Amino acid sequence: GLGEGVKTSLLTTFLLAGAAGYQAVWGVAHALHTPLMSVTNAISGMTAIGGLLLMQRSSEAMAAHVLAMVAVCASAVNIIGGFVVSQRMLDLFKKPSETDYSPLMLLPGVVFV
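Residues numbered from 1 in each chain as written. Predicted model: local features only at pLDDT ≥ 70, side-chain atom pairs only at ≥ 80, totals over all residues. Heavy atoms only, no water.

This part covers the side chain of Ser44. Tracing the sequence through the fold places Ser44 in helix α2 (residues 33-57). For Ser44, the residues in contact, after removing those within four places along its chain, are Ser75, Asn78 and Ile79. (Helix = DSSP H or I, 4+ residues; strand = E, 2+ residues; numbered from the N terminus. Contact = heavy atoms within 4.5 Å.)

If you want it as structure tokens, here you go:
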């Protein structure tokens, strides 16, 4: 099991990370939100992989399995939202006469699923 004081240490780490993340996101200028979204997509990718690995290894522990599924779902929402926001930003710079090929970005996902 867990040693004495480990749960408190993990909770403290989680709360400090949450406070630092809150300050980082709300302290960023509006012009820098798109690069920040790229960083959060990378972090969400790591969270999704960690959740998938935990789902594979937590066959007996139901609570760990549920938390892993929640982590994967939350990460997926954040990653998809990041791509939608980035695409909307890129559409601001597109000329009206240019052809839109953005639906073709779904092709790799369809192929691999």
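Here the structure, examined in full by the defined rule, presents one salt bridge. In this structure, the salt-bridge partner of Asp100 is Lys94, at a minimum N-O distance of 3.9 Å. (Salt bridge = Lys/Arg side-chain N within 4 Å of Asp/Glu carboxyl O.)

Here we take up helix α3 (residues 62-91). An α-helical turn contains 3.6 residues, so a residue and the one three or four places further along point in the same direction. Across its 30 residues, α3 extends 44 Å between first and last C-alpha, which sits within 8% of the 44 Å expected from 1.5 Å per residue. Within α3, burial applies to Ala68, Val72, Ser75, Gly82, Ser86 and Gln87. (Expected span 1.5 Å × (residues − 1). Buried < 20%, exposed > 50% of the residue type's maximum accessible area, 1.4 Å probe, protein only.)

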